[in-house]
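Listed below are the residues making up each chain.
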Amino acid sequence: EPEVTQTPSHQVTQMGQEVILRCVPISNHLYFYWYRQILGQKVEFLVSFYNNEISEKSEIFDDQFSVERPDGSNFTLKIRSTKLEDSAMYFCASKSGTVQETQYFGPGTRLLVL
Amino acid sequence: EDQVTQSPEALRLQEGESSSLNCSYTVSGLRGLFWYRQDPGKGPEFLFTLYSAGEEKEKERLKATLTKKESFLHITAPKPEDSATYLCAALLTGGGNKLTFGTGTQLKVEL
């Protein structure tokens, strides 16, 4: 069964450093998302991406964040200058099209900013 | 403000003891209601999508139902392997494609 994959599974970084989180969405899916979950809190939407551009972003997704689909398979989230409060689980999700609404999530990357 | 609320926050059941989890939503318009299962340290695993009031979906020991104000996840004769956090999420009309999640119900099924 096709699944969303994410790398790395864990990332530890120093405050102010740049991190790139990588995702391989399900093949043939057209819509891509990033969500995050701070420990003990609810899953929060960050950004959605379709047709090579951001279609929607939340207030959390400020200028420190960016997304990219560098090739036909990868989808990345970059945090330019990490802050302590960026520590969270980051989930990538993908959806096949407009008729099928279900988003399928990856296993997540646990980011710890020290 | 659009809100998704789940109750109870935590639930402890004995194996075989059936129960229901609640997801209530106060949103401007609902396009779809989703249930996910989340194991510790893992990503949400898709269970069900419900689109209209009166709709029901079933899978093994789980059944999801939807009304105009809430959704229920019924667990029949649960087993210890059903222990997980169950998340519901709403897809809103006019809300693009983002999911609005509830805080989840942490279910523990004991022998």
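Sequence order as written defines residue numbering, which begins from 1 separately in each chain. The order in which chains are written sets their letters, starting at A; the order in which ligands are written sets their numbers, starting at 1. In keeping with the model being predicted, local features are shown solely for residues with a pLDDT of at least 70 and side-chain atom pairs are shown and tallied solely at 80 or more, while totals for entire chains, interfaces and linings include all residues. With hydrogens and water set aside, each side-chain value is computed from the structure's full complement of heavy atoms.

Side note on the environment of Leu21(B)
Residues and elements named next belong to chain B.
Alright, step 1. Numbering of helices and strands runs from the N terminus, with a helix taken as a DSSP run of H or I at least four residues long and a strand as a DSSP run of E at least two residues long. Mapped onto the secondary structure, leucine 21 falls in strand E3 (residues 19-26).
Alright, step 2. Classification of leucine 21 by relative accessible area gives buried; the value is 0%.
Alright, step 3. Along the primary structure leucine 21 and alanine 10 are separated by 11 residues, whereas in three dimensions their C-alpha atoms are 9.6 Å apart.
Alright, step 4. Leucine 21 has contacts with Ser7, Leu11, Trp35, Ser71, Phe72, Leu73, Ile75, Tyr86 and Thr105, leaving out every residue within four places of it along the chain. The classification of residues rests on relative accessible area computed with a 1.4 Å probe and restricted to protein chains. Under 20% of the type maximum is buried, over 50% is exposed, and intermediate values are partly exposed. In what follows, a contact means two residues having at least one pair of non-hydrogen atoms within 4.5 Å.

Points about a nonpolar patch on the surface
Alright, step 1. On the surface, a nonpolar cluster with roughly 270 Å² of combined accessible area is contributed by Val12(A), Leu112(A) and Leu114(A).
Alright, step 2. Take Leu112(A): it is sitting in strand E11 (residues 109-113). Every patch collects residues that have over 30% relative accessible area and no salt bridge, joining them within 9 Å if they carry like charges and within 5 Å if they are nonpolar side chains (Val, Leu, Ile, Met, Phe, Trp, Tyr). With residues, only the protein chains shown are counted as cover, and all accessible areas are computed by Shrake-Rupley using a 1.4 Å probe. What makes a salt bridge here is a side-chain nitrogen of Lys or Arg within 4 Å of a carboxyl oxygen of Asp or Glu, nothing more.

Concerning the state of the cysteines
All names here are of chain A.
Alright, step 1. Any two cysteine sulfur atoms within 2.5 Å of one another count as a disulfide. Applying the stated rule across the entire model yields two disulfides over all chains.
Alright, step 2. The disulfide partner of cysteine 23 is cysteine 92, and the gap between their sulfur atoms is 2.0 Å. Residues cysteine 23 and cysteine 92 share a disulfide whose torsion about the S-S bond is about -60°; that sign makes it left-handed. Linking cysteine 23 in strand E3 (residues 19-24) with cysteine 92 in strand E9 (residues 88-95), this pair joins segments that are 69 residues apart in sequence.

Some remarks on the interface of chain A and chain B
Alright, step 1. Each side of the interface is counted separately: chain A has 21 residues, and chain B has 22 residues.
Alright, step 2. Here chain A is connected to chain B by two salt bridges.
Alright, step 3. Where Glu56(A) meets Lys98(B), a salt bridge forms, and the shortest distance between an N and an O atom there is 3.8 Å.
Alright, step 4. We call two N or O atoms a polar contact when they sit within 3.5 Å, provided that within protein one can donate a hydrogen and the other can accept it, with sequence-adjacent residues counted only if both atoms are side-chain atoms. Summed over the shared surface of chain A and chain B, the result is eight residue pairs in polar contact (both at pLDDT 80 or more).

Observations regarding the sheet that holds E3(B)
Hydrogen bonds between backbone atoms are what pair the strands of a sheet, whose relative direction is either parallel or antiparallel.
All names here are of chain B.
Alright, step 1. Criterion used throughout: strands pair if DSSP finds at least two bridges between them. Taken in spatial order, the five strands of this open sheet run E1-E3-E8-E7-E6, and their pairing is antiparallel. Two strands close off the open sheet at either side, each with one partner strand: strand E1 (3-7) and strand E6 (56-59). Taken pair by pair, the neighbouring strands of this sheet meet at an average axis angle of 15°, ignoring direction. For helices, the fitted axis covers only the stretch in contact; all axes are lines through C-alpha atoms, and the angles between them, taken along N-to-C directions, range from 0 to 180 degrees.

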